[in-house]
Structure formats: structure tokens, C-alpha cells
Amino acid sequence: MSAESQDSPVRQIRRIGRATVVDVEGDIDLSRSARFQQSLLGVMDDAPERIVVNLTDVGYMDSSGVASLVKLLSRARKQGVSLRLAGLCDRVRSIFEITRLDSVFEIHATEEEALA
Amino acid sequence: MSAPATVQTIRLSICSTPRHLRVVRAAVDALCEILGFDEPSRTQVVLSVDEAITNVIRHAYHGAEDQPIEVELAALDASPGPGLRIRIRDHGRRVDPGQIQSRDLDDIRPGGLGVHIIRESMDHVEYEPAEGGGTVLTMVKRLRKAEGVT
């Protein structure tokens, strides 16, 4: 388990079996998305079989945050890593629906479901 | 619920720093609630304003954080029904409105989603050259019948 620095939206990164769980918190917009992307892509260094991005504590995300997740998805697919999103509130889910990315990402209601 | 007569026009003058985005979002969200928009509509309006200002910071000001952006929020009670009009004015590089288009969503890649989100979420979207330079973006969201319009 590792803790991220205070200004990163990524609160901590946990290893559960062969999966890596990324806990994210706060609003993700242009002021934090570069740091968000940096933290997300760093997770690939540990070569996990599966990455679960837990968004339970994220109340808002704009397209700059979504772009960070798209970049992670692209990299994960190239390396054969499964990427799952969990715990999206209605506001965060909305942007995935408007951009039709809800059919591109594997989205689960809870972290437990994403790890199953 | 109809728009209260006391809510007319609110003007915000901000710098082009991304840290101000949350301030504008909070104001827009609160006004939408006062005007009677439901949660899905509030989300769409807040997201559209955020995306529009993000585009100004990135494309009109190329990331400079000390440039002016004016945001005007006006409650509408005229025909064809109540709603909210938002004007966002920048003084940066003028973008040809014809060049501002949504991108193909089947192309899965980061970036370029902001204009699609705005056009998908708002009832009216118009980019115009501003007098003296820059661009004015006007967006309108109307209250739906389910939100209390009679």
C-alpha cells in the first residue's frame, strides 16, 4: 500500500491479490488532471493483472479527468491489463454517458464487484 | 417552480487559472438549484460551463493563468419558457466558430470531448466574435416540464 502526496487526487494505491486498487478523492478538473494522469500511469509500472480505480469519493469529474482515464485504458489494453472503474456517483457517471464512454469502460457499482 | 423574480443576472470575473473552475461550478450549481433545475440538468449545465472555461484556458489563452474571463448568468422567464442563459467572454485568440466542432466519439482517445459535451447538454450554443477581440460563447438551458414548468 502506498500513500500519494496531498495535492494528488489519488489518495492511496493498494495491492489486493494480483489487482491494484487506486483510491481517488475530490473533484477532478483541469487543476488536478495532470497530476491524476501521472499517478494513474505510474500504476502500470507494477505490472498488475487488473487495475480497479475506485471513484467512490469523487464528486465531480470533467473531460480532462476522463481523458486521463482514457489514456490509462489505452496503455492497459496494450499491455493486456484489465481496467475497471468502481463507485461512480451520478454526476461522474453522467460524463461517461454523455461521451458514450460508459460502453467503453468496464464500470462496476462497487470495488468488491470490480474485484470479483 | 417558476424562476423567482429576484434572480436576474449574476456576473463573475475570474482569471484564467484552473483553480477558479470550482468557484464558478459552485455558483452555477447553486443558481440552477434556485431556478428549479433537477439534478441531471444541473449536472449538464455545470459540466458545460466547466468545459467551456477549460477550452478558453487551453485554446484562447494557451494555458496562461492571468487572463480575464467574464461569466454572465441570466435567469430567463420569457418565451419559450424559463431557463438559464450563460455567456462566457474571453479576450484571447479568436477561434473561427466554424472550426469549433464535436469530434467523432467512435475514435477512443483522450481529449477533444468538451465541445461534444456542451452541444449535447445545452439547448442552444452559439460562438460569436466579441467586440474588441476574443470570443463570446452563449449557452441556454431551458427548464423542462418535469422540472415544474407549467
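Residues numbered from 1 in each chain as written. Chains lettered and ligands numbered in written order. Predicted model: local features only at pLDDT ≥ 70, side-chain atom pairs only at ≥ 80, totals over all residues.

K.L.:
How should I be thinking about the overall build of chain B in this particular structure?
P.N.:
When its secondary structure is counted, chain B shows three helices and five strands. From first element to last, N terminus to C terminus, chain B shows the α and β order β-α-α-β-β-α-β-β. Burial status across chain B gives 35% buried among its 150 residues. Sequence-distant contacts in chain B: of pairs separated by 6 or more residues, those separated by 24 or more amount to 67%. (Helix = DSSP H or I, 4+ residues; strand = E, 2+ residues; numbered from the N terminus. Buried ≥ 20, exposed ≤ 12 C-beta atoms within 10 Å, placed from the backbone. Contact = placed C-beta atoms within 7 Å.)

K.L.:
I keep staring at the interface of chain A and chain B and nothing clicks. Help me out?
P.N.:
Interfaces are often described in size by the accessible area the parts lose on coming together. If you look at the interface, chain A gives 19 residues, while chain B gives 22 residues. Only α2 (63-78) and α3 (90-98) of chain A provide two or more residues apiece to the side of chain A that touches chain B. For the side of chain A that touches chain B, the leading source of residues is α2 of chain A, giving six residues. Residue composition of the side of chain A that touches chain B, grouped by class: seven nonpolar, five polar and seven charged. (Nonpolar A, V, L, I, M, F, W, Y, C, P; charged D, E, K, R; others polar.)

K.L.:
Help me understand the pairing of strand β2 (residues 68-76) of chain B in this model?
P.N.:
Residues in a regular strand point their side chains to alternate faces of the sheet. Residue and element names in this part refer to chain B. For strand β1 (residues 9-15) and β2, the ladder comprises seven bridges, and the chain directions are antiparallel. Along β2, the bridge assignment pairs L12 with V71. Relative to strand β3 (residues 83-90), β2 runs antiparallel, the two being bridged by eight bridges. Bridge assignment links A74 to a residue of β3, and that residue is R85. (Pairing = 2+ DSSP bridges.)

K.L.:
Would you mind showing me how to read unusual backbone geometry here?
P.N.:
All names here are of chain A. Of note in the backbone geometry, A47 takes a positive phi value of approximately 50° without being a glycine. By the secondary structure assignment, A47 is in the loop between α1 (33-43) and β4 (50-57). Non-glycine residue R100 carries a positive phi angle of around 60°. Locating R100 in the fold gives a position in the loop between α3 and β6 (106-108).

K.L.:
Explain the packing of helix α1 (residues 21-35) of chain B against helix α2 (residues 39-60) of chain B here, please?
P.N.:
Pairs of packed helices are described in terms of their axes, by the angle between the two and the distance that separates them. All names here are of chain B. Orientation of α1 relative to α2, taken along the N-to-C sense of each, is 150°, at an axis distance of 9 Å. Between α1 and α2, the crossing angle belongs to the class labelled roughly antiparallel. Read as a crossing pair, α1 and α2 show a hand that is right-handed. Note on element contacts: α2 touches α1 through S41, R42, V45, V46, V49, D50 and I53, opposite L21, V24, R25, V28, D29, C32 and E33. A class-by-class count of the residues in the contact of α1 with α2 yields eight nonpolar, one polar and five charged. (Axes fitted to C-alpha atoms, helices over the stretch in contact; angles between N-to-C directions. Parallel < 35°, antiparallel > 145°, perpendicular 65-115°, else oblique. Left-handed = near helix turned anticlockwise from the far one by under 90°.)

K.L.:
Would you mind showing me how to read the confidence of the model for chain B here?
P.N.:
The predicted structure's coordinates, where accompanied by low pLDDT, should not be read in detail. Per-residue confidence for chain B gives a mean pLDDT of 88; residues scoring 70 or more make up 82%. For this predicted complex, the interface score ipTM comes out at 0.90, alongside a pTM of 0.90. (pLDDT = per-residue confidence, 0-100.)

K.L.:
Help me out: how do you make sense of the packing of α1 of chain A against α2 of chain A in this one?
P.N.:
Residue and element names in this part refer to chain A. At their nearest, the axes of α1 and α2 sit 9 Å apart, and the two run at 20° to each other. Of the possible angle classes, the one that applies to α1 and α2 is roughly parallel. Here α1 runs over α2; the crossing is right-handed. Between α1 and α2, the residues in contact are S33, F36, Q37, L40 and L41 and S64, G65, S68, K71, L72 and R75, respectively. In terms of residue class, the contact of α1 with α2 is made up of four nonpolar, five polar and two charged.

K.L.:
Hey, could you run me through the nonpolar core in this one?
P.N.:
Soluble, globular proteins show a tendency: their nonpolar side chains are buried together. The biggest cluster of nonpolar side chains holds 61 residues, and the ones touching the most others in it are V22, V53 and L55 of chain A together with V49, I53 and I88 of chain B. Ranked by the residues each element gives to this core, the list is headed by α2 of chain B, at eight residues. With residues up to four places along the chain from it excluded, the contact list for V49 of chain B reads V24, R25, V28 and I86 of chain B. (Core = buried A, V, L, I, M, F, W, Y, C linked by C-beta atoms within 7 Å.)

K.L.:
What exactly am I supposed to notice about α1 of chain B here?
P.N.:
Given 3.6 residues to a turn, an α-helix orients residues that are three or four positions apart in the same direction. All names here are of chain B. An ideal rise of 1.5 Å per residue puts 21 Å on 15 residues; α1 measures up with 21 Å between its terminal C-alpha atoms. Residues L21, V24, R25, V28, C32 and L35 constitute the buried set of α1. Along the long axis of α1, the arc covered by the buried residues comes to 100°, so they all point the same way. Of the residues in α1, the exposed ones pointing more than 90 degrees away from the buried face are V23, A26, A30 and E33. Buried residues belonging to α1 abut β1, α2, β2 and β3. Trailing α1 by a residue or two, G36 shows a phi angle of about 100°, which is positive. (Expected span 1.5 Å × (residues − 1). Arc of directions from axis to C-beta.)

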